[in-house]
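Chain residues, written in single-letter form:
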Amino acid sequence: MAEKGKLKIPRFSRGAWESGEVITRIGSGGVGGKASGLWRIQTELLRQLDPLEFPGIQVTVPRMVVLGAEIFDSFMELNGLREEVAGDVTDAAVTHAFGKATLPPEILGDLRDFIGQVHAPLAVRSSSLMEDALEHPFAGVFATKMIPNNQPDADSRFQALSNAIRFVYASTFLSEARDYFKAAGLDHDKEKMAIVLQEVVGNRHGDRFYPLMSGVARSFNYYPSGAARPTDGVVNLALGLGRQIVDGGLSWCYCPAYPAAPPPFNNLGDRMRSTQNGFWAVNMGPAPVPDPMKETEYLVQVGLEQGAEDGVLDHLVSTYDPRSDRLRMGYGRTGPVVLDFAPILVGETIALNGLLRRLFPLAERTAGCPVEIEFALDRDGAEGSDYRLCLLQMRPMAVPEGESRLVPAELGDSKVIVAADRALGHGSREDLLDVVYLKPEAFDAARTMAIAEEVAGFNRTLVAEGRPYALIGFGRWGRSDPWLGVPVAWSQIAGAKVIVETTTRDMAPDPSQGAHFFHNIIGLGVYYLTARGGEGGRIDWDWLDAQPVAGETAHVRHVRLVKPLEAKVDGLAGLGLLRRSS
Amino acid sequence: MSGNKGYNPFAMAQAEFDRVAKTIGLDPGAVELLRNPMREYHFSIPVRMDDGETKVFRGFRVQHNDARGPSKGGIRFHPQETIDTVRALAMWMTWKCAVADLPLGGGKGGVICDPHHLSPREQEQICRGWIRQVGRDVGPNRDVPAPDIMTSAQHMLWMLDEYEALHGGHYPGVITGKPVGMGGSLGRTQATGYGVVYTLREALKELNHDPENTTASVQGFGNVAQYAIELYHRIGGTTVCVSCWDESEQTSYSYRKKDGIDLKELRSVTDGFGGIDRKRAADLGYEVLAGEDWLTQEVDILMPNAIENQITGENVGGIHQRVRVIAEGANGPTTPEADHVLAERGIFVIPDFLANAGGVTCSYFEQVQSNMNYFWELGEVLGKLDIKMTSAYHDVSNVARRQKTSMRDAAYMVAIGRVASACRDRGWI
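Residues numbered from 1 in each chain as written. Chains lettered and ligands numbered in written order. Predicted model: local features only at pLDDT ≥ 70, side-chain atom pairs only at ≥ 80, totals over all residues. Heavy atoms only, no water.

Engineer: Looking at this model, I keep getting lost on the overall build of chain B. Mind explaining?
Structural biologist: Along the backbone of chain B there are 14 helices and twelve strands. Relative to the 2.2 N^0.38 estimate, which gives 22 Å for 429 residues, the radius of gyration of chain B is 21 Å and therefore close to what a compact globule would have. Each of the three principal axes of chain B carries a C-alpha extent, and together these read 55 × 55 × 45 Å. The burial tally for chain B puts 59% of its 429 residues in the buried class. For chain B, contacts bridging at least 24 residues in sequence account for 70% of all contacts bridging at least 6. Here chain B displays about 17,200 Å² of accessible surface, and carbon together with sulfur accounts for 49% of that area. In chain B, the 45 positive side-chain charges and the 54 negative ones have mean positions that sit 4 Å from each other. (Helix = DSSP H or I, 4+ residues; strand = E, 2+ residues; numbered from the N terminus. Rg over C-alpha atoms; globule rule 2.2 N^0.38 Å. Buried < 20%, exposed > 50% of the residue type's maximum accessible area, 1.4 Å probe, protein only. Contact = heavy atoms within 4.5 Å. Areas by Shrake-Rupley, 256 points an atom, 1.4 Å probe, with all protein chains shown as cover. Lys, Arg positive; Asp, Glu negative; His and termini not counted. Charge placed at Lys NZ, Arg CZ, Asp CG, Glu CD.)

Engineer: Got a minute to help me understand the overall build of chain A in this structure?
Structural biologist: Secondary structure summary: chain A contains 15 helices and 28 strands in total. Here the C-alpha atoms of chain A give a radius of gyration of 24 Å, agreeing with the 25 Å that 2.2 N^0.38 yields for 582 residues. The principal-axis extent of the C-alpha atoms belonging to chain A is close to 70 × 65 × 45 Å. Summarising the internal contacts of chain A: among those between residues at least 6 apart in sequence, 75% fall at separations of at least 24.

Engineer: I keep staring at the sheet that holds strand β15 (residues 326–329) of chain A and nothing clicks. Help me out?
Structural biologist: What the three strands build is an open sheet, ordered β15-β14-β16 (chain A); its pairing is antiparallel. On the outer flanks of this sheet lie β15 and β16 (337–338) of chain A, each paired with one strand and no other. (Pairing = 2+ DSSP bridges.)

Engineer: Quick question: what am I supposed to make of the sheet that holds strand β17 (residues 371–379) of chain A here?
Structural biologist: In any sheet, the strands associate via hydrogen bonds between backbone groups, in a parallel or an antiparallel arrangement. Residue and element names in this part refer to chain A. Spatially, β2-β18-β17-β9-β10-β11 is the arrangement adopted by the six strands of the open sheet, whose pairing is mixed. Each edge of the sheet is formed by a strand with only one pairing partner; in this case those strands are β2 (57–60) and β11 (252–254). Within this sheet the neighbouring strands show an average axis-to-axis angle of 20°, counted without direction. Two strands pair when backbone bridges link them, and strand β9 (residues 213–218) and β17 are joined in this way by six bridges, in the antiparallel orientation. If you follow Ala-217 over to β17, its bridge partner there is Ile-373. (Axes fitted to C-alpha atoms, helices over the stretch in contact; angles between N-to-C directions.)

Engineer: Mind showing me how you'd approach the side chain of Ser-370 of chain B here?
Structural biologist: Residue and element names in this part refer to chain B. Looking at the secondary structure, you find Ser-370 in helix α12 (residues 358–372). Classification of Ser-370 by relative accessible area gives buried; the value is 2%. Among the polar contacts listed, one links the side chain of Ser-370 to the side chain of Lys-178, at a separation of 3.2 Å. Every residue in contact with Ser-370, bar those within four places of it in the chain, is listed here: Pro-172, Gly-173, Lys-178, Gly-183 and Phe-375. (Polar contact = N/O pair within 3.5 Å; in protein donor to acceptor, adjacent residues only side chain to side chain.)

Engineer: Even after reading the chapter, I still don't get the pattern of salt bridges, so can you show me in this structure?
Structural biologist: Opposite charge on two side chains lets them pair, provided their charged atoms get close. Residues and elements named next belong to chain A. Taken as a whole and judged by the stated rule, the model has 66 salt bridges over all chains. Between Arg-229 and Asp-232 there is a salt bridge whose closest N-O contact spans 2.9 Å. In this structure Asp-232 comes out as buried when scored by relative accessible area, which is 10%. Taking the shortest distance from any N to any O, the salt bridge between Asp-434 and Arg-560 comes out at 2.8 Å. (Salt bridge = Lys/Arg side-chain N within 4 Å of Asp/Glu carboxyl O.)

Engineer: Honestly, unusual backbone geometry in this entry has me stumped. Any pointers?
Structural biologist: Among all residues except glycine, the phi angle is most often negative; among peptide bonds, the trans geometry is most common. A positive phi angle is found at Asn-149 of chain A, which is not glycine, with a value near 55°. Even without glycine at this site, Met-150 of chain B takes up a positive phi of about 60°. Note on placement: Met-150 of chain B falls in the loop between β5 (143–147) and α5 (153–167). Among the residues examined, Met-150 of chain B registers a relative accessible area of 27% and is labelled partly exposed.

Engineer: Mind showing me how you'd approach the interface of chain A and chain B here?
Structural biologist: Interfaces are often sized by the amount of accessible area the parts lose when they come together. Taken together, the contacts link 18 residues of chain A with 17 residues of chain B. When the two sides are added together, the surface that chain A and chain B hide from each other amounts to roughly 1,400 Å², 49% of it contributed by carbon and sulfur. Joining chain A to chain B, the criterion identifies six salt bridges. The partner of Glu-377 of chain B in a salt bridge is Arg-166 of chain A, with the nearest N and O atoms 3.6 Å apart. Here chain A is connected to chain B by seven residue pairs in polar contact (both at pLDDT 80 or more). Elements with a contribution of two residues or more to the side of chain A that touches chain B: α2 (69–78), α5 (105–117) and α6 (154–170) of chain A. For the side of chain A that touches chain B, the element with the highest residue contribution is α5 of chain A, accounting for six residues. (Buried area = accessible area lost by both parts, 1.4 Å probe.)

Engineer: Can you walk me through the environment of Val-381 of chain B in this structure?
Structural biologist: Along the chain, the position of Val-381 of chain B falls in helix α13 (residues 378–403). Ignoring sequence-local partners within four residues, the contact set of Val-381 of chain B consists of Ser-185, Leu-186, Gly-187, Cys-362, Phe-365, Gln-369 and Trp-376 of chain B.

Engineer: Could you clarify how one ought to interpret the pairing of strand β6 (residues 193–199) of chain A in this entry?
Structural biologist: Two faces make up the sheet, and in a regular strand the side chains alternate between them. Residues and elements named next belong to chain A. Of all seven residues that make up β6, seven are buried, and the element is covered over most of its length. Burial of the side chains of β6 extends over both faces: Met-193, Ile-195, Leu-197 and Glu-199 are buried on one face and Ala-194, Val-196 and Gln-198 on the other. Looking at chain direction, strand β3 (residues 64–67) and β6 are connected through four bridges and run antiparallel. Among the inter-strand pairings, Val-65 is bridged to a residue of β6, identified as Leu-197. Here seven bridges tie strand β4 (residues 122–128) to β6, and the two strands are oriented antiparallel to one another. Bridging from a neighbouring strand, Ala-123 pairs with Gln-198 of β6.

Engineer: Would you mind showing me how to read α5 of chain A here?
Structural biologist: Within α5 of chain A, eleven of the 13 residues are buried, which leaves the element mostly enclosed by the surrounding structure. Of the positions making up α5 of chain A, those classed as buried are Pro-105, Glu-106, Ile-107, Leu-108, Gly-109, Asp-110, Leu-111, Arg-112, Asp-113, Phe-114 and Ile-115 of chain A.

Engineer: Looking at this model, I keep getting lost on the packing of aromatic side chains. Mind explaining?
Structural biologist: The description of an aromatic ring pair rests on the distance of the ring centres and on the angle between the ring planes. For the coordinates displayed, the defined rule picks out 20 aromatic pairs over all chains. On the basis of an interplanar angle of 55° and a centroid distance of 5.5 Å, the ring pair of Phe-365 of chain B and Trp-376 of chain B is categorised as tilted. Of the two residues, Phe-365 of chain B sits in helix α12 while Trp-376 of chain B sits in the loop between α12 and α13, which places them eleven residues apart along the sequence. There is no split in this pair, since Phe-365 of chain B and Trp-376 of chain B are both buried. Of note, Arg-112 of chain A hangs over the ring of Phe-158 of chain A, and the distance from its end group to the ring centre comes to 4.8 Å. (Phe/Tyr/Trp six-rings, centres within 6.5 Å; stacked < 30°, edge-to-face > 60°. Lys NZ or Arg CZ within 6 Å of the ring centre and 35° of its normal.)

Engineer: Is there a simple way to explain the packing of α13 of chain B against helix α14 (residues 407–425) of chain B in this structure?
Structural biologist: Geometrically, a packed helix pair is captured by the angle between its two axes and the distance between the axes. All names here are of chain B. Direction vectors running N to C along α13 and α14 enclose 110°, while the axes themselves pass 8 Å from each other. For the element pair α13 / α14, the angle class is roughly perpendicular. By crossing handedness, the relation of α13 to α14 is classed as right-handed. The residues of α14 that touch α13, namely those facing Tyr-393, Asp-395, Val-396, Ser-397, Val-399, Ala-400 and Gln-403, are Met-407, Ala-410, Ala-411, Met-413, Val-414 and Arg-418. Counted by class, the contact of α13 with α14 contains nine nonpolar, two polar and two charged residues. (Parallel < 35°, antiparallel > 145°, perpendicular 65-115°, else oblique. Left-handed = near helix turned anticlockwise from the far one by under 90°. Nonpolar A, V, L, I, M, F, W, Y, C, P; charged D, E, K, R; others polar.)

Engineer: What is the right way to read helix α13 (residues 448–465) of chain A from this model?
Structural biologist: Think of an α-helix as 3.6 residues a turn; residues three or four steps apart then line up on the same face. Residues and elements named next belong to chain A. Compared with the 26 Å implied by 1.5 Å per residue over 18 residues, the 26 Å span of α13 between its first and last C-alpha is a close match. Every buried residue of α13 is accounted for by Thr-448, Ile-451, Ala-452, Glu-454, Val-455, Ala-456, Phe-458, Asn-459 and Leu-462. The secondary structure elements touched by the buried residues of α13 are β21 (427–438), β22 (469–474), β23 (496–502), β26 (549–552) and β27 (556–570). One or two positions beyond α13, positive phi appears at Gly-466, with a value near 70°. (Expected span 1.5 Å × (residues − 1).)

Given below as structure tokens:
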């Protein structure tokens, strides 16, 4: 949501964090897509919501302060950082230069006052002036740093905050961002960064701070199944911090129009394996090994049993009853649990789904298009509410439109080398002469980290040569559990214009629409094809193996074709193909 | 040290104190204690000169009041140094430390000498001799000197070294103004100038002026002025005129650019003493005006950041009607007669010992860091400085509002009240 006109965000006032405005600013300049989206939620969307319609749930945005983009300019200029990051510099050099830089003096007093008042965990989030715009999502490319902010002395808290701000600024120039800019054809020098300092939603449980649940709700579903329509939307839910979802980890996915509909798992075992088994929290315990330039410095990932100990699973799980061989809604003391949010979605113990369905049209009206909303829910809302739903981000979604239609019969054409019965994107291109694919005979789910590095190597070469390519592999592409797919960062495959994921017996995950990776694919116009096997989804491995080899590693092959492939995707039908010309 | 005949700065300082003491109803005992220094040291420093002769220099250290903490104040070298000047300055330091709410008292010292006519070795002997004479009466817990007119970080290091030799240990907290890396604090260079602007910023907020919509004219282009302008620009202001002393022509000039000076550009044609090269400035497109013209510019803010007695009864009438605020970066730039006129015109004056307290505040930070032998990052120093100065400003502003008085009188009330309370709490009065 690019800024339209000048937002009248009030200036931060010292001493007024709790009593003043929910959103304030320090410094001048643009506030970026994230902050302006939150501003619009606060000033437009929430005003359309009747608080009495969902008693028991208070809907808000978290308190925040925005550092205007002029502070970024001031910071860069004050420390001579433009010169430091010019040219080909390593991530280590960038983080070192930013880590020792000084924040602009004109904001230090306000920051000290701010940190003197706030004693709860904070999220320091990028709000790029190019980020979250319709055309350029940048989702997850820049950093978010969460800090526990629980040190007793203000000096330590101020230092941690300063480090976090510097780290988020540095992320503008790390290789992931640079590669993204290159892939998107954008001028990196034009990027300006605002920063959102936002309270983390949640409660403390022992040495962990996290919300009861996080979610990503999209008012348009690219992969509707069964009776669901695209415009019914889709929601991903997870216990703990939203990082679980946006980084492509396991989460619960459902259609708001059919919250009780069973998910497409073959059996109970599948369901248990394919649902969330761990969650992220802010570490409030003993200080970690200091690493100010690491995004997860203050984060911890724990198993579901910790959630059980913390007493947060009641609304979130079903429990397996071995006597009946069934899942029973709610948390029982015996039997493994499945994080399926059944008490909420089926039992409606919290009116979350109804609220989300109510929010969709309001949000679309506010944004003028389909939207993706990140949110967090926790106990203890104000004003007599039992729960507090905080809207953390709202970004526009690109939906398919225009001429590019496919019918299922076309997928059966003998010239089709990849047929996908699930596809993202919309359109066609006929310029792909390079294909990078994981060799089926060499694929090993235990080696996905190494495979990611091999793929990155081919990507680097092809990007340097300016050659777009198709990428084919097993499981879920994107930064997530290495047992679910190849855990690449976006920068490692930024040159791919068509990404194909197919399944093996061991790797058949559903694509996560809530993930940043997913969002960037759509935004950059990358076609994403899922070939699940059978008539509806197949890959002609024999044909690929017969093509001229341009490079090969232990697990990956790069072939260079004589004639380009055609890629065609019908986003409305959800079908896609790669087709050879002869 | 003013060249004006009959001008007694200590008498003036006492008169100011007496007036405010009467306003706040200070009891006679407190008045008597606070209007005079608690202790003074007068001593002789014999130095064998480079030519073999022995010369004896007179030195002073005045500790005005240390009820709130160790005395704090600079050491000056000046050929016309007088004890009355030092007494006045020591008293003003007491008030300055108190208005900034620092746990420090006031002190000042000096040596009657002219460093222009002394070799580095001779200056070193004076510094070491000063410590030998008064070293048992200064220290991290008693009295902490600092640089002042014609003394520098090097002088402070000689004094530190002599003190440590006499006391047999490392005592970096005995003196401030040391270079960074030798016990000095980051941020000291910027501190006084930035401090002026922190108070200015708060004043503008109270007056409902956005800095981005203001312009300023500045007297002086030394350390205080340059950093004041730097921060003023960072918060959105525009400086249109700057004046400075031209050593070669022995007169002052003002340099103006109506759409705003370029600080980096102007710095590039300025020497180490804040003297702008007239010809090069003209070549850069600056209008060269008479020295006093800085005072009459059509701006919102005036910042006298040079020396005392610059806004007087004679020239105050030339201040443009647009001027809303005067932030006194220098010590004593406004005479009482001019002050009266400014009050009548409704011009908001941020008094010197509040506006320029950033320097002593950062000296205090240096002292703290030195005593811990742990030195802070620049951001930590400047952030703390901002908070301290902002807090000091509002303490004074609140009193000014409640008592319906000027900021200058309110600052005195706050300062004197704090010192008197400390004396009472200690059972001295």
